[in-house]
Amino acid sequence: MSLQNLVRTGNLAEQAADPPEIARRLDAARRSLADAALDGLSPEARFDLGYKAVMHCAVAALRARGYRLSSSQPGHHQLAIQTLVLTVRHDQGRVEALDALRRKRNGIDYEADVVSDSM
């Protein structure tokens, strides 16, 4: 998989990097992580905030490389996480761990799965 191949398949589009947008996304990720650390939140709320931070960072990495997701395509969250191997050179093991979090998030949102404190 390459970013250019994903453009050819319509999953990504080329778009010039926008430093202010990238900064906003990284700021949003920081806020989500800070909010996740607040006392009194349920494990589900903390998990959701952490997941949002991951997505903001993954999209910021794509934008920094000059690409944007086609959010109308199914699987764009999965794709954003998988491209971390290409955008920031995350190793495959870390990407697989983040993708497991994505699957857990889907279970929480669509199947009312429960999140433990350790998760």
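Residues numbered from 1 in each chain as written. Predicted model: local features only at pLDDT ≥ 70, side-chain atom pairs only at ≥ 80, totals over all residues. Heavy atoms only, no water.

Structural notes on the overall build of the protein chain
Definition in use: Helix numbering and strand numbering both begin at the N terminus, where a helix is a DSSP run of H or I of at least 4 residues and a strand a DSSP run of E of at least 2. Values of the radius of gyration come from C-alpha atoms, whereas the globule rule sets the reference at 2.2 Å times the count of residues to the power 0.38. It only takes one pair of heavy atoms within 4.5 Å for two residues to be counted as in contact. For the purpose of counting charges, residues Lys and Arg are taken to be positive, whereas Asp and Glu are taken to be negative. His and the chain ends are not included. Taken as the charge centre is NZ of Lys, CZ of Arg, CG of Asp or CD of Glu, depending on the residue.
Counting secondary structure elements, the protein chain contains six helices and two strands. Reading the secondary structure of the protein chain in the N-to-C direction produces α-β-α-α-β-α-α-α. The C-alpha radius of gyration of the protein chain comes to 15 Å, within 12% of the 14 Å expected for a compact globule of 119 residues. Along the first, second and third principal axes, the C-alpha set of the protein chain runs to 45 × 30 × 25 Å. In the protein chain, 64% of the contacts between residues at least 6 apart in sequence involve partners at least 24 apart. The distance from the centre of the 16 positive side-chain charges to the centre of the 15 negative ones in the protein chain is 7 Å.

Quick look at the nonpolar core
Note on soluble globular proteins: their nonpolar side chains tend to be buried together. Just so we agree on the cut-off: We call a set of buried Ala, Val, Leu, Ile, Met, Phe, Trp, Tyr and Cys residues a nonpolar core when their side-chain atoms join them within 4.5 Å. Buried, partly exposed and exposed residues are distinguished by accessible area as a fraction of the type maximum, computed with a 1.4 Å probe on protein chains only: under 20%, between the cut-offs, and over 50%, respectively.
Ranked by internal contacts, the top residues of the largest apolar core, which has 18 residues, are Leu 3, Leu 12, Met 55, Leu 62, Leu 69, Ile 81 and Leu 84. Elements with a contribution of two residues or more to this core: helix H1 (3–8), helix H3 (43–64), strand S2 (67–69), helix H4 (76–82), helix H5 (84–87) and helix H6 (92–111). A total of six residues in this core trace back to one element, the largest contributor, which is H3. What Leu 84 contacts, discounting residues up to four positions off in sequence, is Ala 58, Ala 61, Arg 89, His 90, Val 95 and Leu 98.

A look at the packing of helix H2 (residues 19–36) against H3
Condition: The axes used here are C-alpha line fits, helices contributing only the stretch in contact, and every angle between their N-to-C directions lies in the interval 0 to 180 degrees. By the definition adopted for this analysis, an angle is roughly parallel if under 35 degrees, roughly antiparallel if over 145, roughly perpendicular if from 65 to 115, and oblique otherwise. Here a crossing is taken to be left-handed if its near helix is turned anticlockwise relative to the far helix by less than a right angle, and right-handed if that turn runs clockwise. Three categories are distinguished: nonpolar for Ala, Val, Leu, Ile, Met, Phe, Trp, Tyr, Cys and Pro, charged for Asp, Glu, Lys and Arg, and polar for the others, with Gly belonging to the last.
Between H2 and H3, whose axes approach to 8 Å, the crossing angle comes to 165°. Classified by the angle their axes make, H2 and H3 are roughly antiparallel. For H2 against H3, the interelement crossing comes out left-handed. The residues of H3 that touch H2, namely those facing Glu 21, Ile 22, Arg 25, Leu 26, Ala 28, Ala 29, Ser 32, Leu 33, Asp 35 and Ala 36, are Arg 46, Leu 49, Gly 50, Lys 52, Ala 53, His 56, Cys 57, Val 59, Ala 60, Arg 63 and Ala 64. A breakdown of the residues in the contact of H2 with H3 according to their chemical character gives 12 nonpolar, three polar and six charged.

Description of the environment of Pro 19
Within the fold, Pro 19 resides in helix H2. The spatial distance from the C-alpha of Pro 19 to the C-alpha of Arg 63 is 8.5 Å, given a sequence separation of 44 residues.

A few points about the confidence of the model for the protein chain
Spelled out, the test is: pLDDT expresses, on a scale from 0 to 100, how confident the predictor is about each individual residue.
The pLDDT averaged across the protein chain works out to 90; a share of 100% of its residues lies at or above 70. When the elements of the protein chain are averaged for pLDDT, H6 gives the smallest value, 83, and H2 the largest, 97.

Observations concerning the pattern of salt bridges
As a reminder of what qualifies: Any carboxyl oxygen of Asp or Glu within 4 Å of a side-chain nitrogen of Lys or Arg constitutes a salt bridge here.
Under the counting rule described, the total for this entry stands at five salt bridges. A salt bridge links Glu 21 to Arg 25; its shortest N-O distance comes to 3.0 Å. Here Glu 21 pairs with Arg 25, and both are found in helix H2, just four residues apart, close to one helical turn. Overall, Glu 21 belongs to the buried group, its relative accessible area being 13%. Glu 21 is the salt-bridge partner of Arg 63, the closest N and O atoms lying 3.0 Å from each other. Of this pair, Arg 63 sits in helix H3 while Glu 21 sits in helix H2; the two residues are 42 residues apart in sequence, bridging distant segments of the chain. On the accessibility criterion, Arg 63 (4% relative accessible area) is buried. Each of the salt bridges in this network shares a partner with another, and the network as a whole consists of Glu 21, Arg 25 and Arg 63.

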